[in-house]
Structure formats: structure tokens, C-alpha cells
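Residue strings, one per chain:
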Amino acid sequence: MTATTPPRAAALGHGAAFAALFLLLALLAMTRPIDHDESQYVAAAVLTGQGLLPYRDYAYLQTPLQPLAFGWMAKALGLYAYPGLRLVNAMLGALAVFFVYRAARAGGVSLRAALIAAGLFATTDILLFGTGIARNDALPVAMLAGALWLIVAGEGRPRTPAAAFAAGLLLAAAAATKASYALPAAAYGAWTLLDRQHRPLWVAAGAAVPCALVLWLASLAPEAFWFGAFTFPADAPQQYYSTGGRAYKLTLAFRLLDLAKFLALGAALPALVLVATRVFRQHGERERIDWMLDLLIAAGLLSAVLPEPTWRQYLLPMLPPLFVRLARACRGQVLPQWQRTVFAVFALAGLAPTMIAFGRAAIEGNPMVRVVDEGQAIDRALDAAGVQGPVASIAPQLLPAAGRLPDKRFAAGPFYFRSRALISPAEEQRFHLMSADRLRAGDLPQAVLIGGEAAWSGGEAKLDQAIERIAALRKARRVMVDGGRLRLLLLGPGPTAGLQAAVRPRLASRSE
């Protein structure tokens, strides 16, 4: 597609490229191993789909937009909510890449340079991880990239009110989905005050919409909101990593090493070095758009450095402006062969973790198919036991495939459960939370699913073992599910033989 390509042909080309990228990301999302990080996000979407609200009705340990946006999808997807939400994130990842391409083109770079920048963005492990599982990373990065396209497309002339409103709406919505996007949103807000062509009042009007939604939810349960959105993210990692010989992960030196490692799994590290080199060479000669992109890159990098410890998904807010800036830094130039080789090597390094996961799935079987199979086995076992109510589990992402709702007190997954006395027992009850230290046998419902918090999901088996020990006080019957990876603890009536027969057909079909 060149400058003379007819608009309809260009649109068809863009559509075909987006569809191909989505299919590839969807395939990778279906083969990525289960991650215990997904627990609260799947549970929150499922519970919201049933009409419950975060903070007021169940605990949610992030800012609240994602479950509100995904709740209806989880309800529509039903038994396939977990793999379906992964596919939604894959689509959002493809959108983020497309928006980076469009922003680069709007920034005056060639088709080839824009495609290379978007392609390098797509090969970063940071993006592939964040959009390959059912976390809250794909939605905000897609909104940030979409806002960036609107911002760059209007550079050099007054924004239309609609574009300014939409940019503010998307940036604030990204922050309402994940708090680490608040810094880039605030940085752009400050920029609009310096450059009035960006129409700061219209940007603020757009930002007011998601802000009002968050304030409304906060007003329904102020203490639970403050704890979930701010106190827990600040205090829980400090508590967890300061014990058990993990305190080194909180040090600045180790966090900087982690940042370098995550950036090096993909072309983000050489892109950052190249852009920084060009910035120092240009001194005051940068165009206004480059100053703005540099500000957004710095804000994104700062948002990754502040949390303790550092994880790869924290770097996502920096990547869209970084790769648009890379395209602009290289426009009209052909990089030396050695630099092209460096970018290619780092891009391959970014693909490596995902390709390893893909190979593992080819050998061990598709993890999402297994989730559905296990869900059917769980459903049969619970039907045989006459269990109708919610199921307690610190791996609640496994329950939608069984057609069962998670017990609200365990919907936050393992992350609050493993904490120790962050809040009082009365606050735990009000906030719909349960910690291992305070769990009693009488707190457990009729059915408990354990085994999902283990090494194969990136978790700690000792947390499920603690639940199992407490359930034993009520003489819980154990039922192995689909080969023994998962176990049901049944604290209600029902013959053990009948329960084992209920799950045996699925096991038999696997061995044939």
C-alpha cells in the first residue's frame, strides 16, 4: 500500500492484516499455560455478569473498569468464559498493534517504517504475555494506543472537540482499568495545558466520564474500594516479598535488573537505547510531537519503576509511545546492518517464551481444552453430590467451565488469601475477603475446588494444602478430577462411590 493506494484497497489491506494478527494472537492465547494471575479477573467478570458490583458485592484488587466492561461477555460466553476472555484479550492486543501502526503513520513516517515499528511492538514478550492471558493488561494498552493515534493524528493543528474528548476518555478509562496507566494519562493532561491546541477542556471532559464511574462505585463501598484499588497493591507485595528469602526482589538494584531483562525480551530495549541516543543528539531540535512522545515514554517508564517488585506487564504503558517514537526517530533513514541485526535478535528473544509455551502445549495438550474438560468433570461430580451453591477456590478461573459461581470471599484468588492481617477480621467480612490465617472449617461452603494453585499455574501448592487441612476437620470427602490435577472437597451429603463414578467416564475417555 503506497500513498496512491485507493482508500478502499487500503482499508481491505488493513482489515486482512488485523485479522491475520488476531488469529495468530488467538492461537497463542489458547496455548499459553494457565496462570494464577488470571484468577481474580475471570472471577470478577463472571460475578459482574451476574449483576454483582466490584467492592460492594465482592473484592476486586484493581481499579474497576475491566469487570464492568467484560461482565456481559463472561455471561454470554457461559461455560467458555475463561478461554473466551483470553480471546477477547488477543483481539485487544491486535488492536493495540494496529493503533501503534496508525499512530506511526499519522506521525509522518513511511508505510515500511510504521509496519516495522508495529511488528517490533508485536514481538515483545511484554505484549505477548499481557494479551495472551485473561489479566487486565490488554484492555488498557489498547485504549492507550488508540488515544495515542488520536493525539498524533491531530498534531500541528487544533484538535476537534470529538478527538480531544475521545483521547481524554480513553486515557482515563485505561487508568480506570489499571492504575499504572494514570501516570501517562496525567502526563498528557499536563501537556495539554502547555499546548492549548490539544483542547484541555475537552480532554478533561472526556476523562470525567470514567472518573465519574469510578467515583460512583467508590461511593457504594468507600473502604472496600480504597483497600482494593490502593492499600492492597501498595502493602501486600511488601508483606509477601519481605519474608521467605524474597526481600531481594524489592531492592532497587534487582528491580532495575528485572526491567532490563523484561525490556530485552523483545525490541523494547534497543528501541529505548536508540531513541535515547537520538534525543541526546537532537538537544533542542526535536519537534513538538517528539517532545510529547518522550514525555509519555518517561511517564510509562516511571510507572514501571515505582511498584515493588517489578513485573513485565508494568512496562506496557511505555511501549506504544516508544515504538511510535522509534518510527519517527528512524524516518527517512536506513539503519546500519549491525543495528538491524540487533533489532532482529532482540525480536526473536521476545518471541522465545511464547514459542516455548506453544511447544509445551503441542506436547502436553491444549490447556484451554483441558480446562473445559475438567469443568465438565467437576460439574458431573457436583451434580452427583447435589451441590447447587457457589464453590470455594483460590483458582476461581477454573469454575466457569463447570457452570458454577465462585464463592465471593475467594474471588480475589490466592493474592489476598496468602496475606497476613492486612485488615481486621471485621473488615475482611465487610470487604468479602478471606485469608488463610483466619479461615475456619465453618467458613467453607459445601464444595471446595483445590489443586489449581500449584507449580503448573505459577502458584504455591501450600495455600491449597492449608484449605485441605482445614476442610479435613469437617470430614471432607476428596474426589479426584480428570487425572488428579484438581480435587474436589465435598463437605455435604452424597455417597463417595457415586461421586467417583461421576468423574470416571471422563478419565476413561482420556486413557482410550
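With that settled, the discussion passes to the sheet that holds strand 3 (residues 486-490). The strand order across the open sheet built from three strands is 1-3-2, with neighbouring strands paired in antiparallel fashion. The sheet is open, and its two edges are formed by strand 1 (447-450) and strand 2 (477-481), each paired on a single side. On average, each strand axis in the sheet is tilted by 25 degrees relative to the strand beside it, whichever way the strands run. Direction of pairing for strand 2 relative to strand 3: antiparallel, over a ladder of five bridges.

Next up on the list: the pairing of strand 3. Along any regular strand the residues' side chains alternate between the sheet's two faces. For strand 3, a buried count of five out of five residues is recorded, marking the element as mostly surrounded by other parts of the structure. From the end of strand 2 to the start of strand 3, which pair antiparallel, there are four residues, and Asp482 there has a positive phi angle of about 50 degrees.

For the rest of this paragraph, the subject is the nonpolar core. Of all hydrophobic cores here, the largest spans 145 residues; its most connected members are Leu319, Leu322, Phe323 and Leu326. Take this core: its biggest share by element is 14 residues, from helix 4 (residues 81-106). With 16 residues, the next largest nonpolar core counts Ile467, Ile470, Leu489 and Leu491 among its residues.

Where helix 7 (residues 138-153) contacts helix 14 (residues 288-305), the axes come no closer than 11 Å and their chain directions differ by 160 degrees. When the axis of helix 7 is compared with that of helix 14, the two are roughly antiparallel. The way helix 7 lies across helix 14 gives a crossing that is right-handed. On the side of helix 7, the interface is formed by Leu148, Ile151 and Val152, while helix 14 contributes Ile289, Met292, Leu293 and Leu296.

Scored by pLDDT, the protein has a mean of 90; 93% of the residues are at 70 or more. The low-confidence segment residues 493-512, where pLDDT is below 50, has 34 contacts with residues more than four positions distant or belonging to other chains.

Parameters at a glance
- Residues numbered from 1 in each chain as written.
- Predicted model: local features only at pLDDT ≥ 70, side-chain atom pairs only at ≥ 80, totals over all residues.
- Heavy atoms only, no water.
- Pairing = 2+ DSSP bridges.
- Helix = DSSP H or I, 4+ residues; strand = E, 2+ residues; numbered from the N terminus.
- Axes fitted to C-alpha atoms, helices over the stretch in contact; angles between N-to-C directions.
- Buried < 20%, exposed > 50% of the residue type's maximum accessible area, 1.4 Å probe, protein only.
- Core = buried A, V, L, I, M, F, W, Y, C linked by side-chain atoms within 4.5 Å.
- Parallel < 35°, antiparallel > 145°, perpendicular 65-115°, else oblique.
- Left-handed = near helix turned anticlockwise from the far one by under 90°.
- Contact = heavy atoms within 4.5 Å.
- pLDDT = per-residue confidence, 0-100.

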